Amino acid sequence: RATPAAVEGDPPPRAAPRLSPTGEPPQEETVSLRSVSQAVRVDIRKLDKLMSVVGELVLVKSSLLAVAERLKSEGGDPVVTGELLRANRSLERKLDELQNGILEVRMVPLEQIFDKLARMVRKTARDLGKEIDFEVAGGDVELDKLIVEDLSDPLMHLIRNAIDHAIEAPDRRTAAGKPAAGRVRLLASQRGNHAEIVVEDDGAGIDEERVREVAIERGIATAEMVRDMGRRDLVNLIFAPGFSTAKSVTALSGRGVGLDVVKNNISNLSGIIDLSTEAGRGTRFVITLPLTLAIIRALVASVSGRTYAIPLNSVLEILELRARDVRTLSTREVISLRGSTLPLVRLGRLFGHAAGPARDVLYVIVVGLAQQRVGIAVDDLVTQQDIVVKALGAQLSGVKGIAGATDLGNRQAVLVLDVGAIIEEVVQGPDALREAVG
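Residues numbered from 1 in each chain as written. Predicted model: local features only at pLDDT ≥ 70, side-chain atom pairs only at ≥ 80, totals over all residues. Heavy atoms only, no water.

**Q** Sorry if this is basic, but what is going on with the packing of aromatic side chains here?
**A** Any aromatic ring pair is given by two values, namely how distant the centres are and how the planes are angled relative to each other. Applying the stated criterion across every chain, the model contains two aromatic pairs. Centre to centre, the rings of Phe239 and Phe285 are 6.4 Å apart; their planes meet at 80°, and the pair counts as edge-to-face. With a gap of 46 residues between them, Phe239 in the loop between helix 9 (231-235) and helix 10 (259-268) and Phe285 in strand 7 (residues 282-290) connect regions that are remote in the sequence. Centre to centre, the rings of Tyr308 and Phe351 are 5.6 Å apart; their planes meet at 20°, and the pair counts as stacked. (Phe/Tyr/Trp six-rings, centres within 6.5 Å; stacked < 30°, edge-to-face > 60°. Helix = DSSP H or I, 4+ residues; strand = E, 2+ residues; numbered from the N terminus.)

**Q** Where do I start with the sheet that holds strand 4 (residues 182-191) in this structure?
**A** Note on sheets: strands pair through backbone hydrogen bonds, and any given pair is parallel or antiparallel. Pairing in this open sheet of five strands is mixed, and the strands run 2-4-5-7-6 from one edge to the other. The strands lining the two open edges of the sheet, one partner per strand, are strand 2 (132-137) and strand 6 (272-278). Here the strands of the sheet are splayed against their neighbours by 10° on average, with no regard to which way each runs. Where strand 2 meets strand 4, six bridges bridge the pair, whose relative direction is parallel. Across the sheet, residue Asp133 finds its bridge partner in strand 4, namely Arg183. Contacts between helix 10 and the sheet are confined to strand 6 and strand 7, with strand 6 contributing the most and set at about 140° to the helix. (Pairing = 2+ DSSP bridges. Axes fitted to C-alpha atoms, helices over the stretch in contact; angles between N-to-C directions. Contact = heavy atoms within 4.5 Å.)

**Q** Quick question: what am I supposed to make of the packing of helix 4 (residues 111-128) against helix 5 (residues 145-166) here?
**A** Packed helices, taken two at a time, are described by their axes: the angle between them and the distance between them. Running from amino to carboxyl end, helix 4 crosses helix 5 at an angle of 25°, the nearest separation of the two axes being 10 Å. It follows that helix 4 is roughly parallel to helix 5 by the angle criterion. Taken as a pair, helix 4 and helix 5 cross one another with a handedness that is right-handed. From helix 4, Ile113, Phe114, Leu117, Met120, Val121, Thr124, Ala125 and Leu128 reach across to helix 5, where they touch Val148, Leu151, Ser152, Leu155, Met156, Ile159, Arg160, Ile163 and Asp164. Along the lines of polarity and charge, the residues of the contact of helix 4 with helix 5 split into 13 nonpolar, two polar and two charged. (Parallel < 35°, antiparallel > 145°, perpendicular 65-115°, else oblique. Left-handed = near helix turned anticlockwise from the far one by under 90°. Nonpolar A, V, L, I, M, F, W, Y, C, P; charged D, E, K, R; others polar.)

**Q** How do you make sense of helix 3 (residues 78-106) when you look at a structure like this?
**A** An α-helical turn contains 3.6 residues, so a residue and the one three or four places further along point in the same direction. For helix 3, built from 29 residues, the straight-helix expectation of 42 Å at 1.5 Å per residue is met to within 8% by its first-to-last C-alpha distance of 42 Å. Residues of helix 3 that are buried make contact with helix 2 (44-73), strand 1 (107-109), strand 3 (142-144), helix 5, strand 8 (295-303) and strand 16 (380-388). Measuring from the side-chain oxygen of the N-cap residue of helix 3 to the backbone nitrogen of Val79 gives 3.0 Å; that N-cap residue is Asp77. (Expected span 1.5 Å × (residues − 1). Polar contact = N/O pair within 3.5 Å; in protein donor to acceptor, adjacent residues only side chain to side chain.)

**Q** Would you explain the pairing of strand 5 (residues 194-201) in this entry?
**A** Regular strands place their side chains on alternate faces of the sheet. Most of strand 5 sits inside the fold, with eight of its eight residues counted as buried. Burial of strand 5 is two-sided: the residues His194, Glu196, Val198 and Glu200 facing one way and the residues Ala195, Ile197, Val199 and Asp201 facing the other way are all buried. Pairing between strand 4 and strand 5: eight bridges, direction antiparallel. The residue of strand 5 that forms the bridge with Val184 is Asp201. Linking strand 4 back to strand 5 in an antiparallel pair, the connection comprises two residues, with Gly192 at a positive phi of about 65°. Where strand 5 and strand 7 come together, eight bridges link them in antiparallel fashion. (Buried < 20%, exposed > 50% of the residue type's maximum accessible area, 1.4 Å probe, protein only.)

**Q** What exactly am I supposed to notice about the nonpolar core here?
**A** The nonpolar side chains of soluble globular proteins are, as a tendency, buried together. Leu110, Leu155, Ile159, Leu186, Ile197, Ile238 and Leu289 are the most contacted members of the largest nonpolar core, which has 51 residues in total. For this core, the element with the highest residue contribution is helix 5, accounting for eight residues. The next biggest cluster of nonpolar side chains, apart from the first, holds 23 residues, and it includes Phe351, Ile365, Val419 and Ile423. (Core = buried A, V, L, I, M, F, W, Y, C linked by side-chain atoms within 4.5 Å.)

**Q** So what exactly am I meant to see when it comes to a negative patch on the surface here?
**A** A cluster of acidic side chains, namely Glu104, Glu111, Asp115, Asp140 and Glu142, defines a negative patch on the protein surface. Assignment of secondary structure puts Glu142 in strand 3. The partly exposed category is assigned to Glu142, whose relative accessible area is 38%. (Patch = residues over 30% accessible without salt bridge, like charges linked within 9 Å, V, L, I, M, F, W, Y side chains within 5 Å. Areas by Shrake-Rupley, 256 points an atom, 1.4 Å probe, with all protein chains shown as cover. Salt bridge = Lys/Arg side-chain N within 4 Å of Asp/Glu carboxyl O. Lys, Arg positive; Asp, Glu negative; His and termini not counted. Charge placed at Lys NZ, Arg CZ, Asp CG, Glu CD.)

Okay, here's the thing in structure tokens:
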């Protein structure tokens, strides 16, 4: 059709955009599309599969190194042995790069769950008619995505408990000389290969007398046991199954689901939770967790003819001691370490292995999480290597002190120790873990 004639004074018609012969979009659109394509959403299951493949390659590398060392010890061709060792070192460097790259992709900042917790705090405070000043810091600390997802519920439970039980009503706080708004703080920081997460409040603290009453009422402990308990052991009774100080059932408390769920969830992540409280001043929970549970460096040790792997990120130092250096203090073996007394646990005795011949020299692996330190006595130190922790079957998944199993590359499956669980059980009592395993 003929176009109408242009009227004098009309603006000139806009020229149609010119397209390139290849059909590429104009320059401005190309820039925006490229900026959008910098991020890719990946299913976590695909990353898990890649991590599993890398773990298998780590085992292959360990097998190649074992073959090269055996060839060298048997007097094989030195040229071939040298080339094999050099190739293995090159493979190790590339595997480290690949492993670190996948771990970086799996790491996510804690602010992902901190934002959700802030919304939960506002809703809970509104429902309870309390004023809450919620402080958050350390949201940029990164952990493995799987750990972050499993950490959401324990943190939510701790913060709800703080608002419901610990923070007093505004009029009571004012009468006690406190600000009307209660303060709840959520802090995260990285400590080497571990992350430390703190949940603290400025509420009334834990009523120790009420803890005694509830423990006796619910059959958690007898009156004699409670009377002989120290302050730390008494306060830690709040982690017992079924413990709750709530006098009535509400949407937030009194339903029989207590802090034992929090402690179990943290233990399943190979972490540890510590508690401190002061009447009228508040309560502080400190959670210590590894940054990742995928591929870890482990110290391999043997005791009573059995081999165990100990996560190296929990190992502080290794000592070689004489039998005379071990002392008994109140029915518990201890050692002296730079002027301080350290509890000693013999790994074979802990898991109920048959006692071997007496040794004059023993190796003590000093492990620690948060503020707790324990020495683990073993017979021999085997090696250090990267391991991939595999989950145990349903029948063995509840065994305390065992985080999983791994293959050392020589078709030998060994158990991986859960350092957090061992520290907690040793602090509670030397026989608790052996009874749980037995």
